[in-house]
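Secondary and tertiary structure notes
For reference, the chains in residue letters:
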Amino acid sequence: MINKGNILLSIFSFNRTHELETLLESIRFHNPGFDILLIDDASTLPATHRIIAENQDLFKHVIKQPPCRKTTSRGRLPQNIQFAFEFADQNHYDYVFFIQDDMQFVRPLDETVLSEYDKLFASDEKIIQVDPRFLRRLGEIRILPDLHAYSFCENDDRSSYADVGITHIQRLKSINWTFETRERTNKEKAHSLHLRRIFPFTPIFMHVPYPVMYRKGRVKLKFPSPFIARGKIKFENMTPQEMKQMDERPLEIIPYARDLLRVEGLGLVKWHYLKANENNIYC
């Protein structure tokens, strides 16, 4: 069964400040006691280095990559994912939980939630990932009554893999899997092998709205800048009553982030958060 002893939380970091602080605070609050690997992709901002140093006690391992010229939109994320996968395997973990530095936990990854996720993995050997994010309205979501969970449609390669989520190490090792240099290529490869990524009934975290965006190692300005301080928006923690209501909902109520999560600090762009295409919010 998945437990605190056999899952490694792997955080991928590059030049985040407020977002990284939000993520680490949420882990301290909701998920103390998990082993954490942080891989920093040669951050150049002193504030990022300070945040990592101030949270050193939270990490079991910290890897700081040497500087390099970033020629792809996501830097060395694919290589760092491969490293985290191999590191988790070599250190005898059964699962590696890929987490990006613009994310936030809003409720605990507790024994009840871990048991739910464990049952999903046990239900089908083709399931390689449980992706515990709240959902976005980006494509048709399929309800899976037999699993009490959700997925993208079978013909959608997003149903197979993502760079975020709890990943089953031995199932990928058994097919000699290696991570490609683009998430899209990994999705296509996993889809061709009929591998599956499942969204659970109980999600626990999400990308924060309006993070600072990086492409090829540089900040990319995007609306609603300058009307909002990108990187400083975060979610409220779910209250016990909100978690209870969420856990007692019918399966047909899909856990969309904008329906279930409360946001701090939106100010004048609340209208945009409520109405805009979610590709322009959580990225």
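Up top is the structure these notes are about.
Structural notes, computed from the coordinates. Nothing here was measured: the structure is a model prediction, and the numbers come from that model. (Residues numbered from 1 in each chain as written. Predicted model: local features only at pLDDT ≥ 70, side-chain atom pairs only at ≥ 80, totals over all residues. Heavy atoms only, no water.)

1. Observations regarding helix α6 (residues 183–192)
Rules: Burial classes follow relative accessibility: with a 1.4 Å probe on protein chains only, a residue under 20% of its type's maximum area counts as buried, one over 50% as exposed, and anything between as partly exposed. The numbering of helices and of strands both runs from the N terminus, where a helix is a DSSP run of H or I of at least 4 residues and a strand a run of E of at least 2. The arc in question is the one traced by the directions running from the helix axis out to the C-beta atoms. Whether two residues are in contact is decided by their heavy atoms, any of which lying within 4.5 Å being enough.
Buried within α6 we find Asn 186, Lys 187 and Ala 190. Take α6 and look down its axis: the buried residues cluster within an arc of 100 degrees, on one side only. Where α6 is buried, its residues contact β10 (196–200). Of the residues flanking the end of α6, it is His 194, one or two places downstream, whose phi is positive at about 60 degrees.

2. Let's talk about the sheet that holds strand β4 (residues 95–100)
To be explicit about the condition: Here, strands pair whenever DSSP counts at least two bridges between them. Here an axis means a line fitted to C-alpha atoms, over the contact stretch when the element is a helix, while the angle between two N-to-C directions is reported on a 0 to 180 degree scale.
Sheet architecture is open: nine strands sit in the order β3-β2-β1-β4-β9-β6-β10-β8-β7, paired in mixed fashion. The open sheet terminates on both sides in strands that have one partner only, identified here as β3 (61–64) and β7 (141–144). Along the sheet, successive strands turn relative to each other by an average axial angle of 30 degrees, direction set aside. Taken together, the six bridges between strand β1 (residues 7–13) and strand β2 (residues 35–40) define a ladder with parallel strand orientation. When the sheet's bridge partners are listed, Ile 11 is paired in β2 with Leu 38.

3. Section: the packing of aromatic side chains
Applicable threshold: Under the pairing criterion, centres of Phe, Tyr and Trp rings, with the six-membered ring standing for Trp, must be within 6.5 Å; the plane angle then separates stacked pairs below 30 degrees from edge-to-face pairs above 60, leaving the rest tilted. Both a distance and an angle decide whether a charge sits over a ring: NZ of Lys or CZ of Arg must be within 6 Å of the ring centre and within 35 degrees of the ring normal.
The final tally for this structure, using the stated rule, is 14 aromatic pairs. Ring centres of Tyr 161 and Trp 177 lie 6.4 Å apart, and the angle between their planes is 40 degrees; this geometry places the pair in the tilted category. Here Tyr 161 is found in the loop between β8 (149–152) and β9 (165–168), whereas its partner Trp 177 is found in the loop between α5 (169–173) and α6, with 16 residues between them in sequence. Measuring from ring centre to ring centre gives 5.9 Å for Tyr 161 and Phe 179, while their planes differ by 50 degrees; the resulting arrangement is tilted. Placement of Tyr 161 in the loop between β8 and β9 and of Phe 179 in the loop between α5 and α6 is noted, with a sequence separation of 18 residues between them. Here the aromatic cluster, defined as three or more aromatic residues joined through ring pairs, consists of Phe 12, Phe 85, Phe 98, Tyr 161, Trp 177 and Phe 179. The aromatic ring of Phe 152 is capped on one face by Arg 158, whose charged end is 4.0 Å from the ring centroid. Sitting above the plane of the Trp 177 ring, Lys 189 keeps its charged end 4.1 Å from the centroid.

4. Focus on the packing of helix α1 (residues 18–30) against helix α2 (residues 46–54)
Spelled out, the test is: Angle categories: roughly parallel below 35 degrees, roughly antiparallel above 145, roughly perpendicular from 65 to 115, and oblique for all the rest. Handedness of a crossing is defined here by the sense of rotation of the near helix relative to the far one, left-handed for an anticlockwise turn of less than a right angle and right-handed for a clockwise turn.
Axis separation between α1 and α2 bottoms out at 10 Å; the angle between their running directions is 10 degrees. The pairing of α1 with α2 is recorded here as roughly parallel in orientation. Viewed along their axes, α1 and α2 form a crossing whose handedness is right-handed. For the pair α1 and α2, contact is made by Leu 20, Glu 21, Leu 24 and Arg 28 and by Thr 48, Arg 50, Ile 51, Ile 52 and Glu 54, respectively.

5. Notes on unusual backbone geometry
Positioned with a positive phi, His 148 is a non-glycine residue whose angle comes to about 55 degrees. By relative accessible area, which is 38% here, His 148 ends up partly exposed. Even without glycine at this site, His 194 takes up a positive phi of about 60 degrees. Assignment of secondary structure puts His 194 in the loop between α6 and β10. Look at His 194 and you get exposed, because its relative accessible area is 59%.

6. Thoughts on the pairing of β8
The alternating pattern of β8 places Ala 149 and Ser 151 and Tyr 150 and Phe 152 on opposite faces, both of which are buried. From the end of β7 to the start of β8, which pair antiparallel, there are four residues, and His 148 there has a positive phi angle of about 55 degrees.

7. Re a nonpolar patch on the surface
The line we're drawing: Here a patch means residues that are over 30% exposed by relative accessible area and free of salt bridges, tied together within 9 Å if like-charged and within 5 Å if nonpolar (Val, Leu, Ile, Met, Phe, Trp, Tyr). Here the accessible surface of atoms and residues is derived via Shrake-Rupley with a 1.4 Å probe, and residues count as covered only by protein chains that are part of the display. For salt bridges, the criterion is a side-chain nitrogen of Lys or Arg within 4 Å of an Asp or Glu carboxyl oxygen.
Among the surface-exposed residues, Phe 223, Phe 227 and Trp 271 lie close enough to one another that they form a single nonpolar patch of about 380 Å² accessible area. In this structure, Phe 227 sits in the loop between β13 (218–220) and β14 (234–235). Take Phe 227: its relative accessible area is 58%, and that puts it in the exposed class.

8. So, the side chain of Thr 202
Tracing the sequence through the fold places Thr 202 in the loop between β10 and β11 (205–207). Overall, the relative accessible area of 5% leaves Thr 202 in the buried class. Beyond its immediate stretch of four places on either side in the chain, Thr 202 contacts Arg 107, Val 113, Glu 116, Tyr 117, Met 246 and Asp 247.

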